[in-house]
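Chain residues, written in single-letter form:
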Amino acid sequence: MKIAAGGISIESATFSPLLTELSDFRVLRGAELYARYPFVSDFSEIEFTPLMHANAVPGGVVRRSAYEALKRDFLAGLTAGAPWDGVILDMHGAMAVEGSDDAEADFIGAVRALVGPDCLISASYDLHGNLSAAIMQQLDLISAYRTAPHEDALETRQRALSLLLQCLQEGRRPHKAFVRIPLLLSGERTETRVEPGRTVYARIPQLIDGDAVLDASLLVGFTWADQARSQAAAVALGWDEAATWSAARTLAQAYWDARHEFDFGVPTGSVDDCINMALAAVESTVFLSDSGDNITAGAAGDSPYVLECMLAHKVPRSLFAGITDAEAVAACFAAGAGARLTLSLGGKLDPVHGQPLEVSGIVQRAHESPDYGRQAILAVDNIDVILSERRMGFTSMARFSALDIDPLAYKIVCLKLGYLVPDFQRIAPLAIMALSPGAVYALPETLPFHNLKRPIHPFDRDMRWSP
């Protein structure tokens, strides 16, 4: 059986002023892609051909020409290797493209048009993806992550392939049940490691018997995309139509019933309140999220607002990770370690949500890597500020280790994240999330949406709904 694989993966915040360019994508082709699918060696009965996968750090809307170039690249590979028995689409599900209301539907529709009606298409999705009827009409199979913070991306891709092979071997397509849920809660409110998300997501394996119901997914959606398809959805696949629809409705109802219980999994408050909480904490280190400028949700990552507040509070030795500012990094590299500089930090990529901050500091270190570009550490009063020439979220301990930084050596570690990624959850003595201003403000019901399908909770709190 001939299987093609690849796709385009990005989370696009439409409230961000950034425009995602082709150069922002990391594009892998052919054999470079096998690291994403190490499990294919377990399937000796298939001829697996990875074509192209493009992935970008979450950002703003994708420039149309960049998207079209990537789409052409993937479709060219499909054309060259045709015909196919199946296609695995390795997606995120929250891409926004200039001039398109449903970029994934356009991409998947183009794939379907090329491979024809007999080829089976299976997709792996992030649970923060947004689905639509147009997407579901083109796909035969879909499976989404079941953890947030995400720890099952590889498992989900493997499940999407296993489902595809099962259907090919049996020579039939499963029934699909798709229930749109008028709910749009931020990822910070819908973690799966705490209640009620833990209990809701625990329902998924209980609904799957491998026959009547082959798989089920709950997608909470991506909050910071002002699009009609932005909302939660429950999906089920199975051989028994009635059981498949029952599973999807059961999952949708469970999520809807718990809607008022979802809340942030850590203490939250204004920036000043959260800094005061951190200073009063008995824990030796407090991880503080600058959630409004969260790079992993698409924000620019160059707002110095929280840094300015920390300086005003005269915090003890702390770490700020970090600010995207290529000009400041260049100045640090030119001056060298030990030099004292006066710099205007941030507010260049997203002047709408953050104004530049003038600081005076001493260059501690300059570092360059092939993956993340140049970075510098600037000591400003008691705060070590990490400056990066490229947008990058600190999403693993490895990124601190590369800079020879031990985050537990600081009283406050401020990260441009929402919820903490697993690496930091495991070590953080205490985590607090500041409801800081920015393009991905953690209370999205206060943002200027225009295209959402209404009514929708929590924008319309008194609405009634059943699946």
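Just above, that's the structure.
Structural notes, computed from the coordinates. All chains use their own residue numbering, which begins from 1 and follows the written sequence. In keeping with the model being predicted, local features are shown solely for residues with a pLDDT of at least 70 and side-chain atom pairs are shown and tallied solely at 80 or more, while totals for entire chains, interfaces and linings include all residues. Excluded from the side-chain calculation are hydrogens and water; included are all heavy atoms of the structure.

Right, let's talk about the overall build of the chain for a bit. Helix numbers and strand numbers start at the N terminus; a helix is a DSSP run of H or I with at least 4 residues, a strand a run of E with at least 2. Helix and strand counts for the chain stand at eleven helices and 20 strands. In this setup the radius of gyration rests on C-alpha atoms only. A globule is expected at 2.2 Å times the number of residues raised to 0.38. A globule of 467 residues ought to have a C-alpha radius of gyration of about 23 Å, and the chain, at 23 Å, matches this closely. Principal axes of the C-alpha set define a box for the chain whose edges measure 70 × 50 × 40 Å. By definition, residues are in contact when any of their heavy atoms lie within 4.5 Å. Intrachain contacts of the chain at a sequence separation of at least 6 include 74% that bridge at least 24 residues. The charge count treats Lys and Arg as positive and Asp and Glu as negative. His and the chain ends do not count. To locate a charge, take NZ of a lysine, CZ of an arginine, CG of an aspartate or CD of a glutamate. Charge-centre separation for the chain: the mean point of 39 positive side chains lies 1 Å from the mean point of 57 negative side chains.

This part is about the state of the cysteines. The term disulfide is used for any two cysteine sulfur atoms that are within 2.5 Å. Summed over all chains, the structure comprises zero disulfides. With no disulfide of its own, Cys-119 lies closest to Cys-167 among cysteine sulfurs, the gap being 12 Å. Take Cys-414: it sits in no disulfide, and the sulfur closest to it among the cysteines is that of Cys-309, at 9.9 Å. In this structure Cys-414 comes out as buried when scored by relative accessible area, which is 0%. In this scheme, a residue with accessible area under 20% of its type's maximum is buried, one over 50% is exposed, and one in between is partly exposed, where area comes from a 1.4 Å probe on protein chains only.

Now for the packing of aromatic side chains. Any two of the Phe, Tyr and Trp rings considered here, Trp counted by its six-membered ring, make a pair once their centres fall within 6.5 Å; the pair's planes then place it as stacked at under 30 degrees, edge-to-face at over 60, or tilted in between. This model, assessed by the stated rule, comprises twelve aromatic pairs. Relative to Phe-48, the ring of Tyr-34 lies with its centre 6.3 Å away and its plane at 50°, an arrangement referred to as tilted. Placement of Tyr-34 in the loop between β3 (25-29) and β4 (47-56) and of Phe-48 in strand β4 is noted, with a sequence separation of 14 residues between them. For the pair Tyr-37 and Phe-39, a centre-to-centre distance of 6.2 Å together with 85° between the ring planes defines the contact as edge-to-face.

Buried Ala, Val, Leu, Ile, Met, Phe, Trp, Tyr and Cys residues form a nonpolar core when they are joined through side-chain atoms within 4.5 Å. By size, the foremost hydrophobic cluster in this structure holds 42 residues, and its most contacted members are Phe-74, Leu-78, Val-87, Leu-89, Val-111, Tyr-125 and Leu-131. Take this core: its biggest share by element is seven residues, from helix α2 (residues 103-115). Once residues lying within four places of it in the same chain are set aside, the contact partners of Leu-131 are Tyr-125, Met-136, Ile-142, Phe-178, Leu-219, Arg-229, Ala-233 and Val-235. Ala-281, Cys-309, Val-329 and Leu-378 belong to the second-largest nonpolar core, a separate cluster that totals 34 residues.

Before going further, it helps to examine the pattern of salt bridges. Here, a salt bridge means any Lys or Arg side-chain nitrogen found within 4 Å of an Asp or Glu carboxyl oxygen. Scanning the entire structure with this criterion turns up 26 salt bridges. Close ionic contact of Glu-191 with Arg-193 constitutes a salt bridge, the shortest N to O distance being 2.5 Å. When the shortest N-O distance is used, the salt bridge between Glu-195 and Arg-198 registers 3.2 Å. Taking relative accessible area as the criterion, Glu-195 reaches 41% and is therefore assigned partly exposed. By sharing partners, the salt bridges in this structure join Arg-64, Glu-68, Lys-71 and Asp-106 into a single network.

Backbone-to-backbone hydrogen bonds pair the strands of a sheet. The strands run either parallel or antiparallel. If you trace the nine strands from one edge of the open sheet to the other, you get β12-β20-β13-β19-β14-β18-β17-β16-β15, paired in mixed fashion. Unpaired on one side and paired on the other, β12 (268-269) and β15 (340-345) mark the two borders of the sheet. Strand pairing requires that DSSP identify at least two bridges connecting the strands. The pairing of β12 with strand β20 (residues 430-434) spans two bridges and is parallel. Across the sheet, residue Thr-268 finds its bridge partner in β20, namely Met-433. Along the sheet, helix α8 (residues 305-312) makes contact with β13 (286-290), β14 (318-324), β15, β16 (357-369), β17 (373-380), β18 (383-388) and β19 (412-415), crossing β14 at roughly 150°. Axes here mean lines fitted to C-alpha atoms, for a helix over just the part in contact, with angles spanning 0 to 180 degrees between N-to-C directions.

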